[in-house]
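Examining the three-dimensional arrangement
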Amino acid sequence: MIGLARLSAPRGTADIMPQEARRWQELERVARQVFEAYGYGEVRTPIFEYTELFQRGIGEATDVVDKEMYTFRDRADRSLTLRPEGTAGVVRAYLEHRLDGAAQPAKLYYLGPMFRYERPQAGRARQFHQLGAECIGTSDPAADVEMIGMLAGLLRRLGLDGFEVRLNSIGCPRCRPAYVARLREAVASVVEQLCPSCRERYHRSPLRLLDCKRESCQRLTAGVPVLLDALCDECHGHFRQVRQHLDDLEIEYRLWPRLVRGLDYYTKTVFELISPDLGAQDALGGGGRYDGLVETLGGPPTPGVGFAAGMERILLALAKSRPQETASGIDAFVAHHGAEGRRAAVRIAARLRDAGLRVEIDYLNRSLRAQMKQADRQRARAVVIVGEDEAAREAARVRDMETGREQEVPESNLLHVLAQGGN
RNA sequence: GUGGGUGUAGCUCAGCUGGUCAGAGCGCCAGGUUGUGGCCCUGGAGGUCGUGGGUUCAAGUCCCAUCACUCACCCCA
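What counts and how
- Per chain, the residues get numbers from 1 upward, laid out in the order the sequence is written.
- For this description, chains carry letters from A and ligands carry numbers from 1, given in the order in which they are written.
- Confidence filtering applies because this is a predicted model: local features only for residues at pLDDT of at least 70, side-chain atom pairs given and counted only at 80 or more, and all residues used for totals across whole chains, interfaces and linings.
- Excluded from the side-chain calculation are hydrogens and water; included are all heavy atoms of the structure.
- Inter-axis angles, ranging from 0 to 180 degrees, are taken between N-to-C directions of lines fitted to C-alpha atoms, where helices are fitted over the stretch in contact.
- Strands are runs of DSSP state E lasting at least two residues, helices are runs of H or I lasting at least four, and both sets are numbered from the N terminus onward.
- Each angle gets one of four labels, with under 35 degrees taken as roughly parallel, over 145 as roughly antiparallel, 65 to 115 as roughly perpendicular, and the rest as oblique.
- Take the far helix as the reference: if the near one is turned anticlockwise from it by less than a right angle, the crossing is left-handed, and if turned clockwise, right-handed.
- Note on definitions: a residue-residue contact is assigned when non-hydrogen atoms from the two residues lie within 4.5 Å.
- Residue polarity is assigned by list, with Asp, Glu, Lys and Arg as charged and Ala, Val, Leu, Ile, Met, Phe, Trp, Tyr, Cys and Pro as nonpolar; anything else, Gly included, falls into the polar class.
- Whether a residue is near a molecule or strand is decided by its heavy atoms; if any one of them lies within 4 Å of it, the residue is near.
- Whenever a nitrogen or oxygen atom comes within 3.5 Å of another N or O atom, the pair is scored as a polar contact, on the condition that within protein one atom can donate a hydrogen and the other can accept it, and that pairs from neighbouring residues in sequence are kept only if both atoms are in side chains.
- Any carboxyl oxygen of Asp or Glu within 4 Å of a side-chain nitrogen of Lys or Arg constitutes a salt bridge here.
- Under the convention used throughout, the expected extent of a helix is 1.5 Å for every residue step, that is, one less than its residue count.
- Note on classification: 1.4 Å probe, protein chains only; a residue is buried when its accessible area is under 20% of the maximum for its type, exposed when over 50%, partly exposed between these limits.
- Should DSSP find at least two bridges between two strands, the strands are regarded as paired.
- On a range of 0 to 100, pLDDT expresses the predictor's confidence in each residue.
- Here, the term nonpolar core denotes a set of buried Ala, Val, Leu, Ile, Met, Phe, Trp, Tyr and Cys residues that are joined through side-chain atoms within 4.5 Å.
- An automatic or database domain assignment supplies the residue ranges for each domain.

Running from amino to carboxyl end, helix α5 (residues 141-158) crosses helix α9 (residues 233-248) at an angle of 45°, the nearest separation of the two axes being 8 Å. Of the possible angle classes, the one that applies to α5 and α9 is oblique. In this structure, α5 meets α9 at a crossing whose hand is right-handed. Taken together, the residues of α9 that come into contact with α5 (itself represented by Pro141, Ala142, Asp144, Val145 and Ile148) are His238, Gln241, Val242, His245 and Leu246. Its residues placed into classes, the contact of α5 with α9 shows 6 nonpolar, 3 polar and 1 charged.

As structure tokens, this is what we get:
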């Protein structure tokens, strides 16, 4: 029995206890509703995949693949990895189930745990949860906007509205290499003055030089060519249409020329939704277009676009922007006294529950006074009291906890009285 | 992986420069009310002072290590 003396959930994981779980259920319910409204169907893919899927899909040079994956070998020595994001698995399923041969585009959504080995902090955990959607098989700019609109709509529907939409285009394999070359050239003279991670980026993924948070780096790269000005005609046109659709839908956004993303598969449109209430990890969700991903994973050339949002972060932002709603109470508490009263109480509680009422009963044989206190704490609308006398008459006293009014009711009439919400 | 902060009762926290410092409030349980909640009063249960070493006559209190939590960097959801 090693380490069990401490008994705590592993670092970076958390239990979601009943009170909190209700908020999760509400989020899930609304999310499914929104997804269905947009014509998306749920897909449930495995929690783990072959490691290679993520290496190829997300990109070897990304931080996620390079140092954040939970990778292990199974008993047959296969390398498996707990999924660090949802898109790769969904695209894999799309290909495996030959959705490329079905009606296009395929519209899929998912919901569930993801895993990344990182140092936990506010809004960041090792096991966290994302909800997301993928629209595979169309390069229509309207699909890009559908993603942004769907996520923004979901957040607003939940009661969040302080978020900001940031938008950029990072081009395609036709225009990006030339830009990256120009960028490298422009930065070459100041490389030595950049922060250590930017010096690393300069070699591995120059685009990410653009969104370093350090002021010193920002200053050094201030005059660098702007990605948006370097797009090829196709990417430029696509981006123009994306903006047009956003305007048509009256979705406010800010152009964020330095927004790049940490996963290699993105092309053209990228976006993030930022919350002002979250601290350092302030992205509620983000996504973009990935026109090369399906092909990278072995399928036919197929465009796609998607997004993912952090469920913990949404809940966190919701908690900060909205006063805590009080949990609803139960319909009735059945209090009893004496052996016969207890028998009757057990029977009554079961019947009321069968009828769909939320009913509690004391199993600790406590004094009536203690049972009343318990009922009060659980915010019971009514208390059904059954003592020896009432049991003998096959009746019970019903006390309205709001008004304090009490009346004796025949057992056969209890459901009727309680269903009316008082007496 | 790097840096800062914090670890004392279920929760929020007091415990000054080492010597009744093991406490408070809330919560929980019971009683005050032989069968009746919210307010009030009384009592009770509950703590390896994160863990392991060390210094000292004496260590929540000082030192070292370690673990955990937390915030930030990095990265992202």
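This part is about the packing of helix α1 (residues 18-37) against helix α11 (residues 311-321). When two helices pack together, their arrangement is given by the angle between the helix axes and the distance between those axes. Across the interface, α1 lies against α11 with an axial gap of 11 Å and an inter-helix angle of 110°. As the angle between them shows, α1 and α11 are arranged roughly perpendicular. Between α1 and α11, the contacting residues are Arg23, Trp24, Leu27 and Glu28 on the first element and Met311, Glu312, Ile314, Leu315, Leu318 and Ala319 on the second. Taken together, the residues of the contact of α1 with α11 sort by class into 7 nonpolar, no polar and 3 charged.

Another point: the protein's contact with RNA strand B. Around RNA strand B, a shell composed of 51 residues is seen, among which Arg11, Arg116, Arg201, Arg261 and Gly262 lie nearest. Sugar plus phosphate: this is where 53% of the atoms of RNA strand B within 4 Å of the protein reside. Contact distances for RNA strand B include 3.3 Å between a base oxygen and a side-chain N or O atom of Glu118. In the environment of RNA strand B, a base nitrogen lies 2.9 Å from a nitrogen or oxygen atom belonging to the side chain of Arg399. Secondary-structure elements contributing two or more residues to the surface near RNA strand B are β6 (127-136), β10 (283-289), β11 (304-310), α13 (368-377), α14 (388-392) and β15 (395-400). Split by residue class, the surface near RNA strand B holds 13 nonpolar, 14 polar and 24 charged.

Pairs may arise between side chains of opposite charge once their charged atoms sit close together. If you walk through the whole model with that rule in mind, you get 33 salt bridges. Of the charged contacts, one joins Arg366 and Asp362 as a salt bridge, the two residues approaching to 3.4 Å between their closest N and O atoms. Counted as one network, the salt bridges with shared partners bring together Asp144, Arg174, Glu234, Lys268, Arg289 and Asp291.

Our next topic: α9. Taking 1.5 Å of rise per residue, 16 residues should cover 22 Å, and α9 covers 22 Å from first to last C-alpha, within 8% of that figure. Buried residues of α9: Cys235, Gly237, His238, Phe239, Val242 and Leu246, and no others. The elements touched by buried residues of α9 are α5, β7 (164-169), β8 (254-255), β9 (267-274) and β10. With its phi angle positive at about 55°, Glu250 sits one or two positions after the end of α9.

A few words on the pairing of β9. Across the 8 residues that make up β9, a large majority, 8, are buried. Judged from the 6 bridges that link them, β7 and β9 form a sheet pairing that is antiparallel. Note on β9: the bridge partner recorded for Ser169 is Thr269. In terms of strand pairing, β9 meets β10 through 6 bridges, oriented antiparallel. Its bridge partner being in β10, Val270 is matched across the sheet by Gly288.

What follows deals with the confidence of the model for chain A. In low-pLDDT regions, the fine details of the predicted coordinates are not to be read closely. Across chain A, the average pLDDT comes to 91, with 96% of residues at 70 or higher. No element of chain A has a lower mean pLDDT than helix α8 (residues 215-220), which averages 80, and none a higher one than strand β1 (residues 41-42), which averages 98. Low pLDDT, under 50, characterises residues 1-5; the predicted model gives this stretch 0 contacts beyond four residues in sequence or across chains.

Counting 49 residues, the largest nonpolar core has Phe35, Leu131, Met147 and Phe307 as its most contacted members. Here this core gets 10 residues from one element, more than from any other, and that element is α5. Apart from residues no more than four positions distant in its own chain, Met147 is found in contact with Tyr40, Ala133, Glu134, Cys135, Phe271, Val305, Gly306 and Phe307.

For chain A, the assigned domains read domain 1 (18-175 + 231-321) and domain 2 (332-419). Distance between the C-alpha centres of domain 1 and domain 2: 50 Å.

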